[in-house]
Amino acid sequence: MNKTIDLRSDTVTQPTPAMREAMYRAELGDDVFGEDPSINRLETTAAEKMGKEAALFVASGTMANLVSVLTHTQRGDEVILGSESHILEHELGSAATFGGLQMRAITNAGGKLDPIDVAAAMRPQEGNVPRTGLICLENTHNRCGGVALTAEYTATISDIGHRNEVPVHLDGARIFNAAVALGVQPKALTASVDSVAFCLSKGLSCPVGSLVCGSAEFIQRARKYRKMVGGGMRQAGILAAAGIVALEQMIDRLAEDHENARILAYGLAEIPGISLNPATVQSNIVVFELVSEKEDPAQFVERLGSLGLKTLPFGGRRVRAVTHYGISRSDVDDALSLVRQALA
């Protein structure tokens with residue numbers, strides 16, 4: 001086998017032929033002036049998909065979360081979020097750096113925050129304590145193995161926030177994976193939150209871009225924060241054109257990635273030296289653990305890479321593999337063979 005199978009992330013996806021054609025033919029304008037028709041069309045489509053009034057195109061998922069958090073909060077506020085959340089673990093402390101915000105982490109269990117813990121973490125509005133400014137959820141949950149949060153669960157957390165006059169932001173980087181996994185419309189999963197961010201550049205296979213969605217007033221304020229962090233991209237319709245194709249053509253096919261992930265998970269679970277409950281795999285993320293303490297995860301991943309299979313060390317003894325556009329069933333079979341070879 002000469003092909004390299006890259007399961008590090010769904011961010012390694014390449015744009016489809018239809019996307020490349022759309023990018024070539026994209027109608028452009030200056031988006032900072034609100035005059036790029038392709039951007040405007042993408043934002044309108046995204047808002048409709050999420051059941052929100054308006055949307056804002058940004059460069060990345062990290063920028064989407066940062067802009068959202070800054071828009072919701074004031075300096076000195078506290079943000080309640082999960083101990084395994086992407087905002088806390090993988091965004092370089094940007095909310096603290098640029099927003100002067102304090103993070104209050106609650107233990108993630110299966111991608112969720114216990115509603116009792118969330119309620120207990122809410123600060124009073126007076127006294128010598130930071131104000132609770134925001135609650136953040138993540139769907140699907142990356143570091144918890146791609147778990148999908150239901151609309152009912154999200155509404156429970158949102159109700160806690162709203163009863164305390166605290167908004168809720170959803171890091172929905174892979175919200176379409178969640179919707180496909182649960183068999184519901186995406187807007188059902190975002191109905192109770194005040195804002196949602198999702199990525200075009202992961203499972204939807206775009207080269208660049210994410211969207212922030214919320215009320216018209218929220219997006220108007222978010223647009224200023226996007227400019228503040230350097231996100232005014234002028235003729236970015238060339239990127240938005242790929243996003244339009246993604247929202248029209250690439251959502252339903254995510255089910256194929258989920259099926260490949262399940263096949264991968266059940267295959268891995270049968271390999272001696274690997275610990276994994278395949279029944280927990282809901283979407284396109286498979287996280288498994290190396291059993292032997294003599295097996296160094298970083299060296300194991302390096303050994304897999306030399307054999308032609310790229311995966312990602314994921315903390316402790318864990319390794320992550322992500323299925324995506326461009327990964328076939330035969331690639332999954334080959335990947336399992338390479339794992340067996342690396343552990344032999």
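Residues numbered from 1 in each chain as written. Predicted model: local features only at pLDDT ≥ 70, side-chain atom pairs only at ≥ 80, totals over all residues. Heavy atoms only, no water.

Caption draft 1: Structural detail: the pattern of salt bridges. In this structure the tally under the stated criterion is 18 salt bridges. Among the salt bridges present, the one from Lys3 reaches Asp331, with a minimum N-O distance of 2.9 Å. Of this pair, Lys3 sits in the segment before β1 (5-6) while Asp331 sits in helix α14 (residues 329-343); the two residues are 328 residues apart in sequence, bridging distant segments of the chain. Given the relative accessible area of 41%, Lys3 is considered partly exposed. A salt bridge links Arg104 to Glu78; the shortest N-O distance between them is 3.6 Å. On the criterion of sequence distance, the pair formed by Arg104 in strand β4 (residues 102-106) and Glu78 in strand β3 (residues 78-82) is long-range, its members being 26 residues apart. (Salt bridge = Lys/Arg side-chain N within 4 Å of Asp/Glu carboxyl O. Helix = DSSP H or I, 4+ residues; strand = E, 2+ residues; numbered from the N terminus. Buried < 20%, exposed > 50% of the residue type's maximum accessible area, 1.4 Å probe, protein only.)

Caption draft 2: Examining unusual backbone geometry more closely. The residue after Asn139, namely Thr140, is reached through a cis peptide bond having omega -5 degrees. Even without a glycine there, the phi angle at Ser205 is positive, about 75 degrees. Counting through the fold element by element, Ser205 comes out in the loop between β7 (195-199) and β8 (210-214). Within the chain, Arg234 stands out as a residue other than glycine whose phi angle is a positive 55 degrees.

Caption draft 3: Spotlight on the packing of aromatic side chains. According to the stated counting rule, one finds one aromatic pair in the structure shown. Their ring planes at 85 degrees and their centres at 5.1 Å tell us that Phe176 and Phe198 sit as a pair that is edge-to-face. Of this pair, Phe176 sits in helix α8 (residues 175-182) while Phe198 sits in strand β7, and the two are 22 residues apart along the sequence. The lysine or arginine in question, Arg143, covers the ring of Phe314, its NZ or CZ lying 5.0 Å from the ring centre. The positively charged end of Arg234 is found above the aromatic ring belonging to Phe33, 5.8 Å away from the centroid. (Phe/Tyr/Trp six-rings, centres within 6.5 Å; stacked < 30°, edge-to-face > 60°. Lys NZ or Arg CZ within 6 Å of the ring centre and 35° of its normal.)

Caption draft 4: Spatial organisation of the environment of Gln125. Positionally, Gln125 belongs in the loop between α6 (115-121) and β5 (132-138). For the pair Gln125 and Glu165, spaced 40 residues apart in sequence, the C-alpha to C-alpha distance is 9.7 Å. Excluding its chain neighbours within four sequence positions, the residues that come into contact with Gln125 are Arg131 and Asn164. (Contact = heavy atoms within 4.5 Å.)

Caption draft 5: Layout of the pairing of strand β13 (residues 318-322). Across the five residues of β13, four count as buried, placing the element largely inside the fold. Sheet topology note: the strand β10 (residues 285-290)/β13 ladder contains five bridges and is antiparallel. Each bridged residue has a counterpart across the sheet, and for Ile285 the counterpart in β13 is Val322. Pairing of strand β12 (residues 312-313) with β13, which is carried by two bridges, proceeds in the antiparallel orientation. Counted as the bridge partner of Pro313 is Val319 from β13. (Pairing = 2+ DSSP bridges.)

Caption draft 6: Structural view of the nonpolar core. Counting 49 residues, the largest nonpolar core has Phe176, Phe198, Leu200, Leu204, Leu211 and Leu247 as its most contacted members. Tallying contributions element by element places helix α11 (residues 237-249) first for this core, with seven residues. For Leu200, the contacting residues outside a window of four places in its chain are Leu42, Phe57, Ser205, Cys206, Val208, Gly209, Ser210, Leu211, Gly243 and Leu247. Counting 27 residues, the second largest nonpolar core, distinct from the first, contains Val301, Leu309, Val319 and Val339. (Core = buried A, V, L, I, M, F, W, Y, C linked by side-chain atoms within 4.5 Å.)

Caption draft 7: Structural context of the sheet that holds strand β2 (residues 54-58). Reading across the sheet, the seven strands line up as β2-β8-β7-β6-β5-β3-β4 and stay open at both edges, with mixed pairing between neighbours. Whereas interior strands pair on both sides, the edge strands pair on one side only; in this sheet they are β2 and β4. Strand after strand, the sheet turns through a mean of 20 degrees between neighbouring axes, direction not considered. Its contacts with the sheet put helix α2 (residues 37-50) on β2, β7 and β8, and the angle it makes with β2 is roughly 125 degrees. Running at roughly 175 degrees to β5, helix α7 (residues 151-163) makes contact with β5 and β6 (168-171) of the sheet. (Axes fitted to C-alpha atoms, helices over the stretch in contact; angles between N-to-C directions.)

Caption draft 8: Fine view of α8. For α8, the complete set of buried residues consists of Ile175, Phe176, Asn177, Ala178 and Ala179. Against α2, β6, α9 (186-190), β7, α11 and α12 (254-269) lie the buried residues of α8. Looking one or two residues past α8, Gly183 carries a phi angle of roughly 70 degrees, positive in sign.

Caption draft 9: Layout of the side chain of His169. The residue His169 is located in strand β6 in this model. Leave out the neighbours within four places in its chain, and His169 touches Asn65, Ser68, His72, Ile87, Leu134, Ile135, Cys136, Leu137, Ser195, Val196 and Ala197.

Caption draft 10: Spotlight on the sheet that holds β10. Spatially, four strands are ordered β9-β10-β13-β12 in an open sheet, and the strand pairing comes out antiparallel. The open sheet terminates on both sides in strands that have one partner only, identified here as β9 (274-275) and β12. Relative to β10, β9 runs antiparallel, the two sharing two bridges. The residue bridging Ile274 from the neighbouring strand is Leu290, located in β10. The sheet contacts of α12 involve β9, β10 and β13, and relative to β10 the element is tilted by about 10 degrees. Sitting on the sheet, helix α13 (residues 297-307) is in contact with β10, β12 and β13, with an inclination near 120 degrees to β10.

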